[in-house]
Amino acid sequence: MTRHMPQKAIVQRTALELDTIHVGECVDILKSLPDKSVDLVFADPPYNLQLGGDLHRPDNSKVDAVDDEWDQFASFEAYDRFTREWMRECQRVLKDDGAIWVIGSYHNVFRLGVALQDLGFWVMNDVIWRKANPMPNFKGTRFTNAHETLIWATKAKGQKRYTFNYDALKAFNEDTQMRSDWAIPLCTGEERLKDEDGNKVHPTQKPESLLYRVLLACSKPGHVVLDPFFGTGTTGAAAKRLGRHFIGIERDETYAKHARERIARVQRANESDLATMGSKKAEPRVPFGALVEAGLLQPGDTLYCPKGQRTARVRADGSLVHGELTGSIHKVGAMLEQAPSCNGWTFWRFKTDAGFKPIDDLRARIRQQGH
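Because the structure is a prediction, the values reported are computed rather than measured.

## Some details on the sheet that holds strand β6 (residues 181-184)
Phase 1: Taken together, 8 strands build an open sheet; the order of strands is β1-β8-β7-β2-β3-β5-β4-β6 and the sheet is mixed. Looking along the sheet, the strands with just one partner apiece sit at the ends: β1 (20-23) and β6. Across the sheet, the axes of successive neighbouring strands diverge by a mean angle of 20°, strand direction being ignored.
Phase 2: Pairing between strand β2 (residues 38-43) and strand β7 (residues 224-227): 2 bridges, direction parallel. Bridge assignment links Leu40 to a residue of β7, and that residue is Val225.
Phase 3: Seen against the sheet, helix α6 (residues 234-241) touches β2, β7 and β8 (245-250) and runs at an angle of roughly 170° to β8.
Phase 4: The sheet strands contacting helix α7 (residues 253-264) are β1 and β8, and the helix crosses β1 at an angle near 175°.

## Some points on the pairing of strand β3 (residues 94-104)
Phase 1: Burial within β3 is extensive, with 8 of its 11 residues counted as buried.
Phase 2: Bridge count for β2 against β3 is 5 bridges, and the pairing is parallel. By the bridge assignment, Leu40 is partnered in β3 with Ala99.

## Things to note about the state of the cysteines
Phase 1: The final tally for this structure, using the stated rule, is 0 disulfides.
Phase 2: Of all cysteine sulfurs, the one in Cys26 lies closest to Cys90, which takes part in no disulfide; the gap is 6.5 Å.

## Some details on the pattern of salt bridges
Phase 1: One pass over the structure, following the stated rule, counts 20 salt bridges.
Phase 2: Close ionic contact of Lys131 with Glu148 constitutes a salt bridge, the shortest N to O distance being 3.0 Å. With Lys131 in strand β4 (residues 122-131) and Glu148 in strand β5 (residues 147-154), this pair connects stretches of sequence that are 17 residues apart.
Phase 3: In this structure Lys131 comes out as buried when scored by relative accessible area, which is 12%.
Phase 4: Under the relative-accessibility criterion, Glu148 is labelled buried at 6%.
Phase 5: Via salt bridges that share partners, Glu191, Glu208, Arg241 and Arg262 belong to a single interconnected network.

## Quick look at helix α9 (residues 329-337)
Phase 1: Regarding α9, the residues found buried are Ile329, Val332, Gly333, Ala334 and Leu336.
Phase 2: Residues of α9 that are buried sit in contact with β11 (320-322), β12 (325-327) and α10 (344-347).
Phase 3: In the stretch just after α9, Gln338 is the one whose phi turns positive, near 55°.

## Examining the side chain of Thr154
Phase 1: Tracing the backbone through its elements, the reader meets Thr154 in strand β5.
Phase 2: With residues up to four places along the chain from it excluded, the contact list for Thr154 reads Gly98, Ala99, Phe121, Trp122, Met124, Gln159 and Tyr162.

## Some remarks on the pairing of β5
Phase 1: The buried fraction of β5 amounts to 7 of the 8 residues, a majority that puts the element mostly inside the structure.
Phase 2: As paired strands, β4 and β5 are joined by 8 bridges and run antiparallel to one another. Bridge pairing in β5 links Trp122 to Thr154.

## As for the packing of helix α2 (residues 76-93) against helix α3 (residues 109-118)
Phase 1: The N-to-C vectors of α2 and α3 enclose an angle of 45°; their axes lie 10 Å apart at closest approach. Taken together, α2 and α3 sit at an angle that is classed as oblique. Crossing hand, α2 versus α3: right-handed. Side by side, α2 and α3 meet where Phe76, Tyr79, Asp80, Thr83, Arg84, Trp86 and Met87 of the first sit next to Arg111, Leu112, Val114, Ala115, Leu116 and Asp118 of the second.

Thresholds applied
- Residues numbered from 1 in each chain as written.
- Predicted model: local features only at pLDDT ≥ 70, side-chain atom pairs only at ≥ 80, totals over all residues.
- Heavy atoms only, no water.
- Pairing = 2+ DSSP bridges.
- Helix = DSSP H or I, 4+ residues; strand = E, 2+ residues; numbered from the N terminus.
- Axes fitted to C-alpha atoms, helices over the stretch in contact; angles between N-to-C directions.
- Contact = heavy atoms within 4.5 Å.
- Buried < 20%, exposed > 50% of the residue type's maximum accessible area, 1.4 Å probe, protein only.
- Disulfide = S-S within 2.5 Å.
- Salt bridge = Lys/Arg side-chain N within 4 Å of Asp/Glu carboxyl O.
- Parallel < 35°, antiparallel > 145°, perpendicular 65-115°, else oblique.
- Left-handed = near helix turned anticlockwise from the far one by under 90°.

Dropping the structure here:
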């Protein structure tokens with residue numbers, strides 16, 4: 001039996017221990033976790049590099065490549081079997097509104113994607129992590145491998161509830177919609193963990209900024225994040241910084257030791273600083289008529305298009321009229337724009353002493369008043 005095969009005995013499932021690193025085999029420990037107990041999984045599984053010997057630079061110095069025993073499998077079939085075992089357990093422990101992120105290189109990410117889909121996960125996005133400082137291809141026989149791929153998937157097809165902090169990511173990205181290609185440097189400098197001899201503790205330590213962005217995107221303060229291949233604790237460090245809980249699984253006690261020490265040094269943000277931009281879709285619905293009802297607009301008031309060239313009058317029932325056109329703020333706006341749809345809240349303006357302002361400002365006032 002290889003080290004990647006789970007033991008046949010299933011550990012009895014116990015209460016969830018938060019902010020804990022479990023040392024042992026991945027699948028065995030996953031089986032001990034209770035059903036539907038975690039909000040998010042981030043998995044950085046073995047690459048299965050299939051290396052064919054040592055790699056040397058042009059000056060004949062050896063490249064510090066991934067040749068650890070944990071990354072070696074007898075065959076693709078063995079790797080696929082292991083992949084489906086840990087993914088199936090992750091699916092079991094995920095809450096019904098949970099999601100998973102996996103990361104891999106060209107050696108394994110396509111096999112990970114197939115396994116996800118075969119098990120019923122629903123792929124939402126793939127994200128390219130573009131490395132700003134990749135390792136060169138010393139042999140000159142291939143392109144420089146300058147990226148890795150992350151796959152974000154919900155627990156099941158048709159899952160209506162899942163966490164995606166769209167507005168927070170947009171604010172993070174200077175009010176620009178976050179794209180699916182992320183330029184983030186490799187883990188270097190002080191962030192790279194070293195042992196007493198100055199050697200890298202882990203060959204594939206991920207930059208904390210990568211995990212920070214994943215957790216900011218798909219989790220909330222207080223959520224539980226599971227990492228079944230914890231390594232030196234990058235997921236745990238990002239989780240603690242952002243006010244999330246973590247559960248780590250790591251078979252190597254040396255990695256786990258460094259992870260504990262690393263996470264202990266992390267300063268958690270204050271509760272008041274952990275709040276993120278909320279989505280307007282999640283805010284209480286306010287009909288346009290409520291603005292008239294509250295006296296913020298009066299029947300007969302004039303609203304203006306963004307350039308102020310076209311107008312419509314407000315009626316007592318919250319509808320608009322423009323010549324012979326009548327309807328909701330959205331319908332009249334769409335007809336004037338000759339468009340299939342229109343967001344009337346951002347299209348229509350009302351006049352103030354300081355100029356035109358969107359009627360969405362009035363809706364925000366209603367919400368602040370608790371109506």
